[in-house]
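Here is how the chains run, residue by residue.
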Amino acid sequence: MDMKISSTMSNFFSILKKKDVLSSDSFITLLESIEDSLYNYILKSINFSEDADDVYQDTVLRALKYLHTFKSEYSFKTWIFTIATNQVRYYFKRNKPNSSLYEDSIFTDDDWDRQEKTRISEVFRIAEQLKPRQRQVFFLFYQNGFSIKEISEITGLKSGNIRFILNQSRESIKAYLGVNNEYK
Amino acid sequence: MNTNKDDQMISKLVCRVDRSVPPAVKRELKKAIYKTLENRKTRMKRIFLSYQAAAIAVLLVISILTVIKPFTRPKPDTSRKFIVATHRTVDESGTPLNRQVYEIRSEFEIKKKKIKIIWFQRKTIDKGRKS
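Residues numbered from 1 in each chain as written. Chains lettered and ligands numbered in written order. Predicted model: local features only at pLDDT ≥ 70, side-chain atom pairs only at ≥ 80, totals over all residues. Heavy atoms only, no water.

J.: Give me the overall build of chain B: which residues, what numbers.
T.: Helices and strands together make up the secondary structure of chain B, namely two helices and three strands. Element order for chain B, N to C, with α for helix and β for strand: α-α-β-β-β. Every one of the 131 residues in chain B was classed for burial, and the buried ones make up 16%. Of the contacts made within chain B by residues no fewer than 6 positions apart, 24% connect residues no fewer than 24 positions apart. Summed over its atoms, the accessible surface of chain B is roughly 11,300 Å², and 59% of this surface lies on carbon and sulfur atoms. (Helix = DSSP H or I, 4+ residues; strand = E, 2+ residues; numbered from the N terminus. Buried < 20%, exposed > 50% of the residue type's maximum accessible area, 1.4 Å probe, protein only. Contact = heavy atoms within 4.5 Å. Areas by Shrake-Rupley, 256 points an atom, 1.4 Å probe, with all protein chains shown as cover.)

Quick look at the structure:
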C-alpha cells in the first residue's frame, strides 16, 4: 500500500512541477492520499486526546503555508509528517500529557473481542508510558511503517536512539503478550 | 517496512483502532485551504500589478523629462545679422561685373549682457576655406 501511495505521489509531483503548485485542488488531492495515516499518527501520539482534530488542522494549515518551501524531489509524506511531529511537540509544550489513557478513548464502539481488546489496550498502555518523543518514534514505525532512516529525518533523532526506543517498547509488549522472537 | 514477525504483530494491533478524519474537520479544512490559496493568489496579483504600475510610472516620468527638457531651456537672446558686402557691381563702362563676395560679416548681439560680436572675413573668400 505504501508503494502505491509513493508512485501516486511521484505522479502528482511530476504534474505539479509543470502546473501551479499552489493550486487548491492539487494540494487537496495530495492531502487525501495521506490524511488518514497522518490523522491517526497525531491522534495516537497525543493519547487519543480530543485536541487531535485541532492539532491535525494546525498541521495541514502549516504545511499549506510552507508548501512553497517543499522540494518535489523529497518525499511529501516525510515532509508533512515532520510538520506533524513538530506540532505534536508544540502541543505537549502547551499542555500536560494525559496522565492516563482510558479504554473509552481507544475504542469507539463495544463490538470487540474481549481478548483482542485487552491486547490492544496493553500495547497502547505501554506506548503511553513512553516519553512524548519516544512515543512519536513508536507510532511512526508501527502506525505508519516509516523506516529507521525516515524516522531519523522526521524526528531528528539518531538511528541508534530510534532502534533503542523500538527495542525497548517491543520487549515490553513481547513480555506482556508472551512472544519470544528477538528483533535485530 | 516491518520485516520482523513481532513488528508485524504489533503494527497490526496498533492499526486495529485506526479512524478516519472526521467529515466536519475535512470540510472546514477544505474551506480554509481554498480561502488561503485564493487570498494568496489575489495578493500575488496585487503585488504584481503594483510593480507593473510603478514601472510604467517611472517610464512615463523619464520619457516626459526627456521630451520636455529641450522646451524648458531658456531661448538665448541673440540676434544675428549676416551681411554680404560686395565692392563694385558695374565697371566704368557700365558693364555689370561678376558679383564677388568681398566680405562676409556676421554680427551677434546679446542685449541682456550688452555684448556685440562682429565677425567678418575679407579678401580671399573661399566657401570651403577659412582665411
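J.: Describe the overall build of chain A, and please don't skip the residues or the numbers.
T.: When you go through chain A residue by residue, the secondary structure sums to nine helices and zero strands. Counting from the amino terminus, helix and strand elements in chain A follow one another as α-α-α-α-α-α-α-α-α. Counting contacts in chain A only where the partners sit at least 6 residues apart, residues at least 24 apart contribute 60% of the total. Just so you have it, chain A exposes about 9,900 Å², and 47% of that area is on carbon and sulfur atoms.

J.: Describe the packing of helix α7 (residues 132-142) of chain A against helix α8 (residues 148-155) of chain A, listing the residues and the values that go with them.
T.: Residues and elements named next belong to chain A. Orientation of α7 relative to α8, taken along the N-to-C sense of each, is 140°, at an axis distance of 10 Å. Judged on the interaxial angle alone, α8 and α7 are oblique. In this structure, α7 crosses over α8, and the sense of that crossing is right-handed. On α8, the residues that touch Arg133, Val137, Leu140 and Phe141 of α7 are Ile148, Ile151, Ile154 and Thr155. (Axes fitted to C-alpha atoms, helices over the stretch in contact; angles between N-to-C directions. Parallel < 35°, antiparallel > 145°, perpendicular 65-115°, else oblique. Left-handed = near helix turned anticlockwise from the far one by under 90°.)

J.: Got a sec to walk through the pairing of strand β2 (residues 103-110) of chain B? Specific residues and values, please.
T.: Residue and element names in this part refer to chain B. Bridge count between β2 and strand β3 (residues 115-122): eight bridges; the pairing is antiparallel. Bridge pairing in β3 places glutamate 103 opposite arginine 122. Counted between consecutive antiparallel strands, the loop separating β2 from β3 contains four residues, among which lysine 114 sits at a positive phi close to 55°. (Pairing = 2+ DSSP bridges.)

J.: Give a detailed account of the interface of chain B and chain A, specifying residues and quantitative values.
T.: If you look at the interface, chain B gives 32 residues, while chain A gives 47 residues. For chain B, the biggest contributors to the area lost against chain A are Leu13, Val17 and Arg19 of chain B; these three give 19% of the whole. The closest approach of N and O atoms between lysine 26 of chain B and glutamate 35 of chain A, which form a salt bridge, is 3.0 Å. At the boundary of chain B with chain A, the tally comes to 10 residue pairs in polar contact (both at pLDDT 80 or more). At the level of secondary structure, the elements contributing two or more residues to the side of chain B that touches chain A comprise α1 (5-15) and α2 (23-72) of chain B. The element contributing the most residues to the side of chain B that touches chain A is α2 of chain B, with 14 residues. Residues of the side of chain B that touches chain A, tallied by class, amount to 16 nonpolar, five polar and 11 charged. (Buried area = accessible area lost by both parts, 1.4 Å probe. Salt bridge = Lys/Arg side-chain N within 4 Å of Asp/Glu carboxyl O. Polar contact = N/O pair within 3.5 Å; in protein donor to acceptor, adjacent residues only side chain to side chain. Nonpolar A, V, L, I, M, F, W, Y, C, P; charged D, E, K, R; others polar.)

J.: Requested: an account of a negative patch on the surface, with residues and values cited.
T.: Residue and element names in this part refer to chain A. A cluster of acidic side chains, namely Asp104, Asp109, Asp110 and Asp111, defines a negative patch on the protein surface. Within the element layout of this structure, aspartate 109 appears in the loop between α5 (103-106) and α6 (114-129). The exposure class assigned to aspartate 109 is partly exposed, which follows from its relative accessible area of 38%. (Patch = residues over 30% accessible without salt bridge, like charges linked within 9 Å, V, L, I, M, F, W, Y side chains within 5 Å. Lys, Arg positive; Asp, Glu negative; His and termini not counted. Charge placed at Lys NZ, Arg CZ, Asp CG, Glu CD.)

J.: Outline the packing of helix α4 (residues 76-94) of chain A against α8 of chain A, listing residues and values.
T.: Think of two packed helices as two axes; the pair is described by the angle between the axes and how far apart they sit. All names here are of chain A. Between α4 and α8, the least distance of the axes is 8 Å, while the angle of their chain directions is 50°. Between α4 and α8, the crossing angle belongs to the class labelled oblique. Every pair of crossing elements has a handedness; the one defined by α4 and α8 is right-handed. Residue-level contacts link Thr78, Phe81, Thr82, Thr85 and Arg89 of α4 to Glu150, Glu153, Ile154 and Thr155 of α8.

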